[in-house]
Amino acid sequence: MAQFVFQGASALALDAKGRLVVPARHREVLAALAQGQLTLTKHPQGCLLVFPRPSWEIFRDKIAALPMQAVGWKRIFLGNAMDVEIDASSRVLVSPELRAAAGLAKDVLLLGMGSHFELWDAERYAAHEAEVMQQGLPDVLQDFSF
């Protein structure tokens, strides 16, 4: 399977039932790559991880193989995972449990992160990004050329 890289930010809105419309630029790839099947789970920084199913299976297997001292994280990632499908109207339902965990109400941001996406509450992401920018560049990026 060819690896596709998701990138970029999409400002979206959840509807009253907690559904979001998958951006048009990602629909064709998600249909081909994952037959419209996605898995959502919690992220430790307060957003949700959104995986095309094949990428989820790789991540899931890595998490499942972690030693017992990581059982708490296994519960967070695997115990909260929800399989969803992109419907005929290009929407994905985000469960009430996951919406509550990530503080998602209406305005959200879908960030392409390579093999998967992150789904953030728009205000929470703006605060997170501002905090990251305040910290300055980490050592690993000090010699990076822009």
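Now for a quick tour of the structure. (Residues numbered from 1 in each chain as written. Predicted model: local features only at pLDDT ≥ 70, side-chain atom pairs only at ≥ 80, totals over all residues. Heavy atoms only, no water.)

What follows deals with the packing of helix H2 (residues 53–64) against helix H3 (residues 71–79). Relative to each other, H2 and H3 sit at 160°, their axes nearing to 10 Å. Taken as axis vectors, H2 and H3 run roughly antiparallel relative to one another. Handedness of the H2/H3 crossing: left-handed. Here Trp56, Phe59, Arg60, Ile63 and Ala64 of H2 lie close against H3, whose contacting residues are Lys74, Phe77 and Leu78. (Axes fitted to C-alpha atoms, helices over the stretch in contact; angles between N-to-C directions. Helix = DSSP H or I, 4+ residues; strand = E, 2+ residues; numbered from the N terminus. Parallel < 35°, antiparallel > 145°, perpendicular 65-115°, else oblique. Left-handed = near helix turned anticlockwise from the far one by under 90°. Contact = heavy atoms within 4.5 Å.)

This part is about the environment of Leu49. By the element assignment, Leu49 lies in strand E4 (residues 48–52). Residue Leu49 is classed as buried on the basis of its relative accessible area of 4%. Considered as a pair, Leu49 and Ile63 are 14 residues apart in the sequence and their alpha carbons are 14 Å apart. Here Leu49 is in contact with Thr39, Leu40, Thr41, Lys42, His43, Phe59, Phe77, His116, Phe117 and Glu118, once residues within four sequence places are set aside. (Buried < 20%, exposed > 50% of the residue type's maximum accessible area, 1.4 Å probe, protein only.)

Another aspect to go through is unusual backbone geometry. Phi angles above zero are rare outside glycine, and Gln35 is one such case at about 50°. Take Gln35: it is sitting in the loop between helix H1 (24–34) and strand E3 (37–42). Not every positive phi belongs to a glycine, and Ser90 is a case in point at roughly 65°.

Once that is clear, we can look at the environment of Gly112. With respect to the element layout, Gly112 can be found in strand E7 (residues 107–114). In this structure Gly112 comes out as buried when scored by relative accessible area, which is 13%. When the C-alpha positions of Gly112 and Val50 are compared, they lie 9.4 Å apart, and in sequence the two are 62 residues distant. If we ignore the near neighbours within four places in the chain, the residues touching Gly112 are Phe6, Gln7, Gly8 and Phe117.

This part is about the sheet that holds E3. A sheet is described by the order of its strands in space; here six strands give the open sequence E1-E7-E8-E4-E3-E5, paired in antiparallel fashion. What marks the edges here is a single partner per strand, and that holds for strand E1 (6–13) and strand E5 (82–85). Pairs of neighbouring strands in the sheet enclose a mean axial angle of 25°, with direction left out of account. In the sheet, E3 pairs with E4 via five bridges, with the strands oriented antiparallel. Its bridge partner lying in E4, Leu38 is registered against Pro52. Helix H5 (residues 122–135) contacts E7 and strand E8 (117–121) of the sheet and is inclined by roughly 105° relative to E8. (Pairing = 2+ DSSP bridges.)

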